Amino acid sequence: MKNKKSFKSGFAAIIGMPNVGKSTLLNTIVGQKIAIISDKPQTTRNKILAIYSTDEEQIIFTDTPGIHKPHNKLGEYMVHVANESMDDTDVLIFVVDASKKIQETEREIAKNISKTGLPCILVLNKVDLMKKEDLLPIIADYSSMHDFASIVPVSAKNNDGVDILLHDIEDYLEEGPEGLAAERRGRKSSRPAKLSKAVEEDLIAENQRLRAEIDYLKNLQALVLEEERHQHRKRR
């Protein structure tokens with residue numbers, strides 16, 4: 001009889017510039033195993049973006065607002081991330097758009113990650129838009145800026161490499177009973193220890209509302225397109 005694998009859980013804080021595919025990456029992750037996406041803040045510090053759950057693990061993805069700070073403020077910002085997130089963050093996920101030139105702000109972020117004292121996984125997103133041989137110089141460039149826990153090329157849009165990312169995140173989760181991650185956050189924020197169920201129900205309701213709005217907009221768009229086609233046929 002096989003021993004049951006111990007349950008692991010923890011927090012992964014997403015950092016990265018706008019338009020690098022963070023939302024697409026999270027959508028792809030939660031599309032594999034049903035979870036929750038919401039823009040609703042859950043704490044006064046970071047906000048929960050998504051919860052990825054299986055029978056063996058739970059990863060709570062959080063946002064770290066403020067990444068748009070001017071260059072001279074980035075070092076201060078990374079210290080802020082450490083001070084605000086250290087107790088309820090197990091690993092940082094630094095997402096970049098590998099198909100574009102490295103931005104100066106991204107260089108500054110990479111060079112200052114060590115100030116957080118947290119392990120960081122570098123996600124090179126949108127590799128489907130580039131040649132494989134062009135990826136190696138980018139990996140070498142980022143490796144010279146920081147000693148990343150791992151560097152994972154992915155195409156969030158095509159769901160390539162996402163399983164490798166999840167496996168790497170798992171290495172930094174904490175073993176323990178289900179709900180342990182939420183209890184850790186509860187102790188930090190002086191909320192009741194058994195927080196996970198309340199948070200999950202709240203996020204599920206918010207997720208259902210958002211999905212309903214998206215469905216409505218899709219139907220509306222279809223009606224508009226059909227009307228445009230009808231008018232075009234009448235003009236012929």
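Residues numbered from 1 in each chain as written. Predicted model: local features only at pLDDT ≥ 70, side-chain atom pairs only at ≥ 80, totals over all residues. Heavy atoms only, no water.

1. Section: the pairing of strand β4 (residues 57-63)
We count it as follows: Each residue is placed in one exposure class: buried if its accessible area under a 1.4 Å probe, protein chains only, is under 20% of its type's maximum, exposed if it is over 50%, and partly exposed if it falls in between. Numbering of helices and strands starts at the N terminus; helices are DSSP runs of H or I of at least 4 residues and strands are runs of E of at least 2. Two strands are said to pair when DSSP picks up at least two bridges between them.
Burial of β4 is extensive: 7 of the 7 residues sit out of reach of the surface. Burial of the side chains of β4 extends over both faces: Glu57, Ile59, Phe61 and Asp63 are buried on one face and Gln58, Ile60 and Thr62 on the other. As defined by bridge partners, strand β1 (residues 8-15) adjoins β4 across 7 bridges and the pair is classed as parallel. Residue Ala12 lies in a different strand from β4, and its bridge partner there is Phe61.

2. With respect to the nonpolar core
The condition that has to hold: Here, nonpolar core means buried Ala, Val, Leu, Ile, Met, Phe, Trp, Tyr and Cys residues that are tied together by side-chain atoms lying within 4.5 Å of each other.
Judged by nonpolar contacts, the single largest core of 46 residues is most densely connected at Phe61, Ile93, Phe94, Tyr142 and Ile169. For this core, the element with the highest residue contribution is strand β5 (residues 91-97), accounting for 6 residues.

3. Focus on the pairing of strand β7 (residues 150-153)
Worth spelling out the cut-off: Seen with its strands pointing away from the viewer, a crossover is right-handed if its path from the first strand over the helix to the second goes clockwise.
Residue alternation in β7 divides its side chains into a buried set, Ser150 and Val152, and an unburied set, Ile151 and Pro153. In terms of strand pairing, strand β6 (residues 120-125) meets β7 through 4 bridges, oriented parallel. Looking at β7, one finds that Leu122 is bridged to Ile151. In this view, the connection linking β6 to its parallel neighbour β7 by way of helix α4 (residues 135-145) has right-handed handedness.

4. A few points about the pattern of salt bridges
Condition: One side-chain nitrogen of Lys or Arg within 4 Å of one carboxyl oxygen of Asp or Glu is enough to make a salt bridge.
With the rule as written, the count across this model stands at 2 salt bridges. With its nearest N and O atoms 3.5 Å apart, the salt bridge here joins Lys126 to Asp97. Taken together, the residues span a long stretch of sequence, with Lys126 in the loop between β6 and α4 and Asp97 in strand β5 at a distance of 29 residues. A relative accessible area of 22% means that Lys126 is categorised as partly exposed.

5. Describing the packing of helix α3 (residues 104-112) against α4
How we decide: Lines fitted to C-alpha atoms define the axes here, with helix axes fitted over just the stretch in contact, and angles between the N-to-C directions of these axes take values from 0 to 180 degrees. Angles are sorted into four bins: roughly parallel if under 35 degrees, roughly antiparallel if over 145, roughly perpendicular if 65 to 115, and oblique for all others. Should any heavy atoms of two residues lie within 4.5 Å, those residues are counted as being in contact. Polar here means any residue other than Ala, Val, Leu, Ile, Met, Phe, Trp, Tyr, Cys and Pro, which are nonpolar, and Asp, Glu, Lys and Arg, which are charged; Gly is therefore polar.
Relative to each other, α3 and α4 sit at 50°, their axes nearing to 8 Å. Here α4 runs oblique to α3, going by the angle between their axes. Contacts between α3 and α4 pair Glu106, Arg107, Ala110 and Lys111 from the former with Asp141, Tyr142 and Met145 from the latter. Partitioned by chemical class, the residues of the contact of α3 with α4 number 3 nonpolar, no polar and 4 charged.

6. Here we look at the confidence of the model for the protein chain
What counts, and what does not: Confidence scores labelled pLDDT are given residue by residue by the predictor and lie between 0 and 100.
Confidence in the prediction of the protein chain, expressed as mean pLDDT, is 75, and 63% of residues score 70 or more. Below pLDDT 50 for its whole length, residues 32-45 participates in 47 contacts with residues either more than four positions away or in separate chains.

7. Side note on a nonpolar patch on the surface
What counts here: Patch membership needs two things, relative accessible area over 30% and no salt bridge, and members are linked within 9 Å if like-charged or within 5 Å if nonpolar (Val, Leu, Ile, Met, Phe, Trp, Tyr). Surface accessibility follows the Shrake-Rupley procedure with a 1.4 Å probe radius. Residue values consider only the protein chains on display as shielding.
A cluster of nonpolar side chains, contributed by Leu220, Leu223 and Val224, occupies part of the molecular surface with about 270 Å² of accessible area. Considering the arrangement of structural elements, one finds Leu223 in helix α7 (residues 196-235).

8. Thoughts on the packing of aromatic side chains
Formally: To pair, rings of Phe, Tyr and Trp, with the six-membered ring standing in for Trp, must have centres within 6.5 Å; the planes then decide the type, stacked if under 30 degrees apart, edge-to-face if over 60, and tilted in the middle.
Under the counting rule described, the total for this entry stands at 1 aromatic pair. Taking 6.3 Å as the distance between ring centres and 85° as the angle between the ring planes, the aromatic pair formed by Phe94 and Tyr142 counts as edge-to-face. Placement of the pair is Phe94 in strand β5 and Tyr142 in helix α4, with a sequence separation of 48 residues. This pair shows no difference in class: Phe94 is buried, exactly as Tyr142 is.

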